[in-house]
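If you want the building blocks of each chain, they are given just below.
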Amino acid sequence: MRGRTIKVILAIILIGFGFLFGYYLIFLRFVRVPTGSMSNTVIPGDHLVINKTVGKIERGDLLIFKFPRNPSEKYISRAIGLPGETIEIRDKSIYVNGKELSERRVTVKAEPSGSFAALEELSTEGVGPYRVFYDSRVQGNEPSFPSDPKDESYGIHTPFQIPANQYFVMGDNRDNSYDSRFWGTLSREAIVGKPTLIYWSSHLNQSGVEEVKWERIFTSIR
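Residues numbered from 1 in each chain as written. Predicted model: local features only at pLDDT ≥ 70, side-chain atom pairs only at ≥ 80, totals over all residues. Heavy atoms only, no water.

Throughout the structure, instances matching the rule amount to twelve salt bridges. The salt bridge involving R69 is made with D151; its shortest N-O contact spans 2.8 Å. Pair noted here: R69 is in the loop between β3 (62-67) and β4 (70-81) and D151 is in the loop between β10 (131-135) and β11 (160-161), with a separation of 82 residues, a long-range link. Under the relative-accessibility criterion, D151 is labelled buried at 15%. A salt bridge links E103 to R174, with the shortest nitrogen-to-oxygen separation between them at 2.8 Å. With E103 in the loop between β7 (99-100) and β8 (104-109) and R174 in the loop between β12 (166-170) and α2 (180-183), this pair connects stretches of sequence that are 71 residues apart. (Salt bridge = Lys/Arg side-chain N within 4 Å of Asp/Glu carboxyl O. Helix = DSSP H or I, 4+ residues; strand = E, 2+ residues; numbered from the N terminus. Buried < 20%, exposed > 50% of the residue type's maximum accessible area, 1.4 Å probe, protein only.)

The next subject is the confidence of the model for the chain. Averaged over all residues, the pLDDT of the chain equals 85, while 81% of them reach at least 70. The model gives residues 14-27 a pLDDT under 50, and that stretch makes ten contacts with residues more than four places away or in other chains. (pLDDT = per-residue confidence, 0-100. Contact = heavy atoms within 4.5 Å.)

It is worth spelling out the pairing of β10 at this point. In terms of burial, β10 is largely enclosed, as four of its five residues are buried. Where β8 lies against β10, five bridges are found, and the strand directions are parallel. Looking at β10, one finds that V106 is bridged to F133. (Pairing = 2+ DSSP bridges.)

With that out of the way, let us pick up the packing of aromatic side chains. What the rule picks out here adds up to nine aromatic pairs. An angle of 55 degrees between the planes, with centres 6.4 Å apart, marks the rings of F160 and F168 as tilted. Summarising the burial analysis for this pair, F160 and F168 share the class buried. Note that R90 overlies the ring of Y95, its terminal NZ or CZ placed 3.9 Å from the centroid. (Phe/Tyr/Trp six-rings, centres within 6.5 Å; stacked < 30°, edge-to-face > 60°. Lys NZ or Arg CZ within 6 Å of the ring centre and 35° of its normal.)

Okay, the pairing of strand β5 (residues 86-90) next. Where β5 lies against β11, two bridges are found, and the strand directions are antiparallel. Of the residues in β11, the one forming a bridge with I87 is F160. Pairing of β5 with strand β6 (residues 93-96), which is carried by four bridges, proceeds in the antiparallel orientation. Across the sheet, residue I89 finds its bridge partner in β6, namely I94. In textbook terms, the turn of a hairpin is the stretch between consecutive antiparallel strands, and for β5 and β6 this stretch comprises two residues, one of which, D91, has a positive phi near 55 degrees.

Take a look at the structure:
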């Protein structure tokens, strides 16, 4: 009788693991954030749980997607403009169909390139459902264009209409993000999923020792 009970328990455990594995294959993905384009929403070294069931995409959603110019690379950005809308970026303000978009703009003291630390937040202005970050060292409001010869300007000081089934995405670290302003819109088919949770966060320090950012673990993101 005891042996039969053990077999039943083991069977339940195996079924449970099988269910979790199947759920992972269908619904979840785990990714690591390598760059600071979304700081401080997510920072380098954060590991994210991704919901692969994309569903309806709304303004402000965080998206993981295949980079259009190199589908083997995965990027993370925020959906700012939706299909058919007209978007225009004037200085630090974004206008959608002629109406200014509500965002909380945070001025930060940026860290040197390659830093894994969160950016030091200095001041906040505006209201909105999410926060975006601007480098206090940047003088003026003109964006710094990357040097890739394929790059153009989309929506910067000139209204740009987003094509059907396409999305205009931007990183939250606005002065350090390679996004739709430079390479254009994102197709629905390229979207992999939506990040929901930081399940782990760490980086290697200068001595090569892994340092864990315990305060970021199991933090939901939006």
